[in-house]
Amino acid sequence: MNVSAILYLMNYEKYGRSTASAQYFLQLAGYLGIPVIAWNADNSGLERRASRSSLQLQLAPSLEHQTAAMLSILERYKWHQFSVVTSQIAGHDDFIQAVRERVADMQDRFKFTILSSVLVTKNSDLQQLVASESRVMLLYCTREEALRILQAARGFKITGENYVWVVTQSVMENLQAPQLFPVGMLGVHFDTSSDSLVKEITTAIRVFAHGVEDFVNDPINMNESLTTQLSCEGEGESRWVTGEKFYKYLRNVSVEHTEPAKPKVEFTADGVLKSAELKIMNLRPGVGNSLVWEEIGVWKSWEREGLYIKDIVWPGDSHTPPQGVPEKFNLRITFLEEAPYITLAPPDPITGKCSMNRGVLCRIARGKDTQGLDVIEAKRNSSYYQCCSGFCIDLLEKFAEDLGFTYELVRVEDGKWGTLENGKWNGLISELVNRKTDMVMTSLMINSDRESVVDFSLPFMETGISIAVTKRTGIISPTAFLEPFDTASWMLVGVVAIQAATFSIFAFEWMSPSGFDMKSVSQAPNHRFSLFRTYWLIWAVLFQAAVQVDIPKGITSRFMTNIWAMFAVVFLAIYTANLAAFMITREEYYDFMGIDDYRLSKPHSHKPMFKFGTVPHSHIDSTIHKYFPEMFSYMKSFNRTTVQEGLSSLLTAELDAFIYDGTVLDYLVTQDDDCRLLTVGSWYAKTGYAIAFQRNSKYVQMFNKRLLDFRENGDLERLQRFWMTGTCKPDDHDQNATSDPLALEQFLSAFLLLMGGTLLAALILLLECLYFNFFRKKLAKTDQGGCCALISLSMGKSLTFRGAVFEAQDFLKFRRCKDAVCDSQYQLLRNQLMSTYSKMKQLEKELELRKLKSEKRRKKAMSPSARLFQCIAENHDKYPDKKQYQFAPASPLRQRDLVRPSIISTEYTNRYDHEPVRNRRNGDSSVILFDV
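Definitions and cut-offs
- Residues numbered from 1 in each chain as written.
- Predicted model: local features only at pLDDT ≥ 70, side-chain atom pairs only at ≥ 80, totals over all residues.
- Heavy atoms only, no water.
- UniProt positions renumbered as here; feature names shortened; annotations may be inferred.
- Patch = residues over 30% accessible without salt bridge, like charges linked within 9 Å, V, L, I, M, F, W, Y side chains within 5 Å.
- Areas by Shrake-Rupley, 256 points an atom, 1.4 Å probe, with all protein chains shown as cover.
- Salt bridge = Lys/Arg side-chain N within 4 Å of Asp/Glu carboxyl O.
- Helix = DSSP H or I, 4+ residues; strand = E, 2+ residues; numbered from the N terminus.
- Disulfide = S-S within 2.5 Å.
- Pairing = 2+ DSSP bridges.
- Axes fitted to C-alpha atoms, helices over the stretch in contact; angles between N-to-C directions.
- 1 Å grid on protein atoms, 1.4 Å probe; cavity = no way out; pocket = protein on both sides within 12 Å on 5 of 7 lines; lining within 4 Å.
- Contact = heavy atoms within 4.5 Å.
- Buried < 20%, exposed > 50% of the residue type's maximum accessible area, 1.4 Å probe, protein only.
- Right-handed = clockwise from strand over helix to strand, strands pointing away.
- Phe/Tyr/Trp six-rings, centres within 6.5 Å; stacked < 30°, edge-to-face > 60°.
- Lys NZ or Arg CZ within 6 Å of the ring centre and 35° of its normal.
- Points joined across faces, edges and corners; volume = space filled by probe spheres on them.
- Nonpolar A, V, L, I, M, F, W, Y, C, P; charged D, E, K, R; others polar.
- Parallel < 35°, antiparallel > 145°, perpendicular 65-115°, else oblique.
- Left-handed = near helix turned anticlockwise from the far one by under 90°.

- Under the annotation held in an unreviewed UniProt entry, the chain carries the name Glutamate receptor ionotropic, NMDA 2B and is attributed to Macrosiphum euphorbiae.
- Database annotation for the chain, UniProt heading Sequence similarities (unreviewed entry): "Belongs to the glutamate-gated ion channel (TC 1.A.10.1) family."

## Side note on a nonpolar patch on the surface
- Nonpolar side chains collect at one region of the surface, where Leu760, Leu763, Ile764, Leu766, Leu767, Leu770, Phe774 and Phe775 lie side by side and expose about 800 Å² of accessible area between them.
- If you trace the backbone, Leu767 turns up in helix H25 (residues 748-782).

## Some thoughts on the state of the cysteines
- Applying the stated criterion across every chain, the model contains two disulfides.
- Residue Cys354 pairs covalently with Cys387 via a disulfide, S to S 1.9 Å. Looking down the S-S bond of the Cys354 and Cys387 bridge, the torsion is -100°, so its handedness is left-handed. With Cys354 in the loop between strand E13 (343-345) and strand E14 (360-363) and Cys387 in strand E15 (residues 385-389), the pair connects residues that are 33 residues apart, well separated along the chain.

## What to know about the sheet that holds strand E10 (residues 291-300)
- Read from one edge to the other, the open sheet built from eight strands follows the order E5-E4-E6-E7-E8-E9-E10-E11, with strand pairing classed as mixed. Here the strands that pair on one side only, and so sit at the sheet edges, are strand E5 (113-119) and strand E11 (307-309). Strand-to-strand, the axes of this sheet are offset by a mean angle of 25°, without reference to chain direction.
- As paired elements, strand E7 (residues 164-167) and strand E8 (residues 186-189) share two bridges and run parallel to each other.

## Some points on the sheet that holds strand E3 (residues 56-58)
- The strand order across the open sheet built from three strands is E1-E2-E3, with neighbouring strands paired in parallel fashion. With partners counted over all chains shown, the strands left at the sheet margins are strand E1 (6-10) and E3, one partner each. The mean angle between the axes of side-by-side strands here comes to 20°, regardless of whether they run parallel or antiparallel.
- Of the pairings in the sheet, the one linking strand E2 (residues 36-40) to E3 comprises three bridges and is parallel in character. Looking at the pairing, Ile37 lines up with Leu57 of E3.

## Quick word on the UniProt feature "binding site: L-glutamate" (unreviewed entry) in the chain
- In the numbering used here, UniProt assigns the feature "binding site: L-glutamate" (unreviewed entry) to Arg450 and Asp661. Annotated residues from the preceding list that form part of the lining of the largest cavity: these are Arg450 and Asp661.
- Tracing the sequence through the fold places Arg450 in helix H13 (residues 448-451).
- Among residues more than four places away in sequence, those in contact with Arg450 are Trp417, Gly418, Trp425, Ile429, Leu444, Met445, Phe456, Ser618 and His619.
- Excluding anything up to four places from it in sequence, Asp661 contacts Glu338, Ser443, Met445, Thr463, Gly464, Ile620 and Tyr689.

## Let's talk about the pairing of strand E6 (residues 136-140)
- Among the five residues that make up E6, five are buried, leaving the element largely enclosed by the rest of the structure.
- Across the two faces of E6 the burial is the same, with Val136, Leu138 and Tyr140 and Met137 and Leu139 all buried.
- Where strand E4 (residues 81-86) meets E6, four bridges bridge the pair, whose relative direction is parallel. Bridge pairing in E6 places Val84 opposite Leu138.
- Each parallel crossover has a hand, and for E6 linked through helix H6 (residues 143-155) to E7 it is right-handed.

## Structural notes on the packing of aromatic side chains
- Applying the stated rule across the entire model yields 40 aromatic pairs.
- Taking the centre distance of 5.9 Å and the plane angle of 80° together, the rings of Trp79 and Trp314 count as edge-to-face. Taken together, the residues Trp79 in the loop between helix H3 (63-76) and E4 and Trp314 in the loop between E11 and strand E12 (329-335) connect sequence positions 235 residues apart. Here Trp79 and Trp314 have matching classes, each one buried.
- Relative to Phe638, the ring of Tyr634 has its centre 5.5 Å away and its plane inclined at 50°; by these criteria the two rings are tilted.
- Residue classification places Tyr634 among the buried residues on the basis of a relative accessible area of 13%.
- Three or more aromatic residues link up through ring pairs in this structure, and these residues are Phe329, Phe399, Phe405, Tyr407, Phe693, Tyr699, Phe703 and Phe710.
- Its guanidinium or amino end placed over the ring of Phe710, Lys398 lies 5.2 Å from that ring's centre, counting from NZ or CZ.

## As for empty space enclosed by the protein
- Within this structure, the stated rule accounts for two cavities of 30 Å³ or more.
- Taken as a whole, the largest cavity spans an internal volume of roughly 60 Å³.
- Around the largest cavity, the lining residues are Glu338, Trp417, Ser443, Leu444, Met445, Arg450, Ser618, His619, Ile620, Tyr660 and Asp661.
- Mapped onto the lining of the largest cavity, the elements with two or more residues apiece are helix H18 (619-627) and strand E25 (657-661).
- Partitioning the lining of the largest cavity into residue classes produces five nonpolar, three polar and three charged.
- Counted as a void, the second largest cavity has a volume near 40 Å³.
- Along the walls of the second largest cavity sit Thr159, Tyr163, Trp165, Pro182, Val183, Gly184, Met185 and Pro315, which together make up its complete lining.
- Looking at side-chain class alone, the lining of the second largest cavity contains six nonpolar, two polar and no charged residues.

## What about the pattern of salt bridges?
- Counted under the stated rule, the structure contains 15 salt bridges.
- Taking the shortest distance from any N to any O, the salt bridge between Glu337 and Arg411 comes out at 2.8 Å. Of this pair, Glu337 sits in the loop between E12 and E13 while Arg411 sits in strand E16 (residues 405-411), and the two are 74 residues apart along the sequence.
- Here Glu654 ties to Arg640 by a salt bridge, and the two come within 3.6 Å at their closest N and O atoms.

## A short note on the packing of helix H15 (residues 531-542) against helix H16 (residues 555-582)
- Running from amino to carboxyl end, H15 crosses H16 at an angle of 40°, the nearest separation of the two axes being 8 Å. Judged on the interaxial angle alone, H16 and H15 are oblique. Where H15 crosses over H16, the handedness of that crossing is right-handed. Each of Leu537, Ile538, Val541 and Leu542 in H15 lies in contact with H16, whose residues at this interface are Thr561, Trp564, Ala565, Ala568, Phe571 and Leu572.
- Each residue belonging to the contact of H15 with H16 can be placed in one class, and the counts come to nine nonpolar, one polar and no charged.

Here is the structure:
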């Protein structure tokens, strides 16, 4: 039919089938791409998700307008907390979401709290409303459903004088009020009469006309047409492509209202009317026994303070509005003190009251002890009443302020937390089981046994079983000088770096032409260097010791020594820089992993056994009894009555560890002025602190709701920061500790190092004595080439005749006689020895001169065989493979053919192993070489 828009206006309010059919129609129009200008009296039942998918403009006040008007009424009368009640009417989820969004928008100027959201499918669902202690209810349902819900609410006694019900348009419908509705109900309403419907037709046509005008006048749409040409069969489109563009022009119109006082007709991005007006209705008695809805005000969305209300008949036919909160009720609360949750302090002896920072008054005496006493006089006596303060007291004050109740704080008579003893509960749990108290407010831990007989709130703090120990200050580790490097680093330096540098320098020196030139010490008598002296050089350079050392002669070995010196500089710099951190005063303590540490759980497995305990009849005591029976039996003799007594026993070394609640110990260790206490290990059996109530108490949900609010707005976190801090200042403590003089045990590592070095020196002395007394003679026979001198120059000298002379010289040098005769003989003998020694030197020089002259003469007359022997003798050490051979003449040699007798036995290198060599020249002589 070429329809470019549909005006869909209906004023009947049959929520249910009609709502579903209307929603189907709107969705169908959206699928076809045809814009719809609607005015539906029951539009609140249309699901918003479906409405957004359709091309719809809604001229009637929306569900959001109704929730905004209802919350404006609550704001006017300062009703901060309320509950939402709905049936399964279409759009009930949208109603709850609209309420939450409006509450969030108003949070800056007025704080609302939604106590509960109840979906009523049966009458018993209202029990949740009763438990919430709500006094203001927002009701969204049909008129018939409201009759059933309010009749059931009357049975639960939540429709009396102190209860306010605020309803939506769907409950009021055509303003016919059943007699079962309670007097004083409030509601929001807009006119759905036929006259109102006719007026809205005019508005809808004007919106359509302005939209067409704007679409046609826009140059962009010059080639566009508002003809749909839709067809489900044959030619034509199944969806109007231009419809969505035309809908945007309709949505952006601004039409003058038919009433001059009202703002222009405009729409939001969702097609909802921006400005709406709702009537505020009040259910009051009419003629006879009838009830009528009467208009008492109006709400205008375009004004900030748009609510105008006149006289109201309140519930119970009262002329004053209800408080909107439960009437004040009194609770008897039992506690047991434990810092920082509840601490006790005496009240003012004159006034009997607590100062602002000392908490609230609480009774610590038994009830029968205060009977017959004057209350005022008893409160001045600290034996009967004291001031309670702490984390739990501040939290309780917040509960009392928000929930509006008074309370009486009473200390538990037996002073126990509550455990099963001979099948009966004691302490705090006993008070609840026997219904002597309404609730328990303290640091009470949740466990399965307690939870089976009482009801707990949500936990307000997490905790677990922890261990407190003491610090033993003023001790430096005996191995502190080794701790700057780990074991692998020390092994790398000691086993690899030092050995590699030592053998590299010695090898370079032995192979260097300017060093040993691959000769023994006997062939280089003026070279004072050996492997042990290389070690002495390495250690002296490493520790920068001011001692006398022998340096190598080779260029390569000297360069390697400089490389080692650079390494020593870097090593010492790193070592000394880190050593200071490890030589400071240590604080040692028993580092238990937790109460399941084998040293605690199996106390007899460690010698000596540790002394540890806890507070009996507590959660910790029952947990250990249940899971660690051996540990429980052992620690009975070490248990303490209170936590403070247990920590005092730690400080006096009567106990090695004290087991208790983690948060309590964390707080108390920060209260120690000397900072000698600390907690160790991980928490065991993690749980939480909670408020305990009698079984099936009506207060549980109420307190749970408040706890969630306190956690969400940060009140719990602020209380924790305020109460869980201590006065211990570790920085000041460390500063004072370092100013004290050091005791012997604080630098014990230096003495241990000295002692270890002395013992090692004694061992070396023993080895030296064993060498000179037992091994030197045997070694002297085998060390003909002076190889031992390469390892140790002193050892090499001790194996030669020259060394023996020097040894005797040194012996005589330091020997002293006891009488004058001996001393004169000693001096005479010494002078003779020196004279003999100088003659030996002179004879050696003459012998060398004569030897050189005779060799020159004999070389001229040497036979070929002798020259061969001479060549072999002079060059035998130059060949790579040395073997010993025996030279024997095949026929007698002439004396002149022999250079020296030693030519008969020498070292000779033969390239052809085990092959005899024959040399004959003119038959005068021949030599055969045999392999030894």
